[in-house]
Amino acid sequence: MLREKKPKLALTGAIVLLGVCILFSAFTISSAIRYSTNDGGTKSGEQYRYDFISANEQNVIIFDKKTGEYWRKYIEPNQGPTDWEKQPSPVAQ
């Protein structure tokens, strides 16, 4: 009678241990995801500081909402990369 229960008891113990391991892993992964989404390394005001604007196929602009400065890059069709140019702010006094 005892020999028949021993394999069932070992199987039940293994299933319980596996369940505990899965729960622990799920908790660890969920806390890591929560930590990475809450603290992305930027302050909440800094997260949406810049706008990327594609004016047309040749002009792209990065606008700094905090300072009002923007950088423009002209991309010639079928050409390689060009340099970014800092432009004066249209809202600066």
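Further up the page is the structure itself.
In this numbering scheme, every chain counts its residues from 1 along its sequence in written order. Selection of residues for local features in this predicted model requires a pLDDT of at least 70, selection of side-chain atom pairs for listing and counting requires 80 or more, and totals for whole chains, interfaces and linings are taken over all residues. Excluded from the side-chain calculations are hydrogens and water; all other atoms, namely the structure's heavy atoms, are used.

Teacher, can you tell me more about the side chain of Arg-49 here?
Where helices and strands are cited, they refer to DSSP runs of H or I of at least four residues and of E of at least two residues respectively, numbered from the N terminus. In this structure, Arg-49 sits in the loop between helix H1 (2–38) and strand S1 (50–54). Only protein chains enter the calculation, and the probe is 1.4 Å; a residue is then buried if its accessible area is under 20% of its type maximum, exposed if over 50%, and partly exposed in between. Take Arg-49: its relative accessible area is 17%, and that puts it in the buried class. A distance of 2.8 Å separates polar atoms of two side chains, one belonging to Arg-49 and the other to Asp-64. Any two residues whose heavy atoms approach within 4.5 Å at even a single point are treated as in contact. Apart from the residues within four sequence positions on either side, Arg-49 is in contact with Phe-63, Asp-64, Lys-65, Lys-66 and Thr-67. Under the rule applied, a polar contact is a pair of N or O atoms within 3.5 Å (in protein, one hydrogen donor and one hydrogen acceptor; residues adjacent in sequence only if both atoms are side-chain atoms).

It is not clear to me how the environment of Pro-88 should be interpreted in this structure. Could you clarify?
By the secondary structure assignment, Pro-88 is in the segment after strand S4 (85–87). The spacing of Pro-88 and Gly-68 is 20 residues in sequence and 8.6 Å in space, taken between C-alpha atoms.

In this structure, what is going on with the pairing of strand S2 (residues 59–64)? I would like to understand it.
A regular strand places its side chains on the two faces of the sheet in alternate fashion. Paired strands, in this sense, are two strands between which DSSP finds at least two bridges. Sheet topology places S1 next to S2; five bridges connect them, and they run antiparallel. The residue bridging Asp-51 from the neighbouring strand is Phe-63, located in S2. Adjacent in sequence and paired antiparallel, S1 and S2 are bridged by four residues. Pairing between S2 and strand S3 (residues 70–74): five bridges, direction antiparallel. In the sheet register, Phe-63 faces S3, and the bridge partner there is Tyr-70. Between the end of S2 and the start of S3, which pair antiparallel, lie five residues, with Gly-68 showing a positive phi angle near 85°.

Sorry if this is basic, but what is going on with the pattern of salt bridges here?
Two side chains with opposite charge may pair up if their charged atoms get near one another. Criterion for a salt bridge: a side-chain nitrogen of Lys or Arg within 4 Å of a carboxyl oxygen of Asp or Glu. This structure, assessed with the given rule, holds two salt bridges. Notably, a salt bridge pairs Asp-64 with Arg-49, separated by 2.8 Å at the nearest N-O pair. Residue Asp-64 is located in strand S2, and its partner Arg-49 is located in the loop between H1 and S1; the two are separated by 15 residues in the primary sequence. One exposure class covers both Asp-64 and Arg-49, and it is buried. In this structure, the salt-bridge partner of Lys-65 is Asp-51, at a minimum N-O distance of 3.6 Å. Placement of the pair is Lys-65 in the loop between S2 and S3 and Asp-51 in strand S1, with a sequence separation of 14 residues.

These results come straight from atomic positions and should not be treated as a statement about function.
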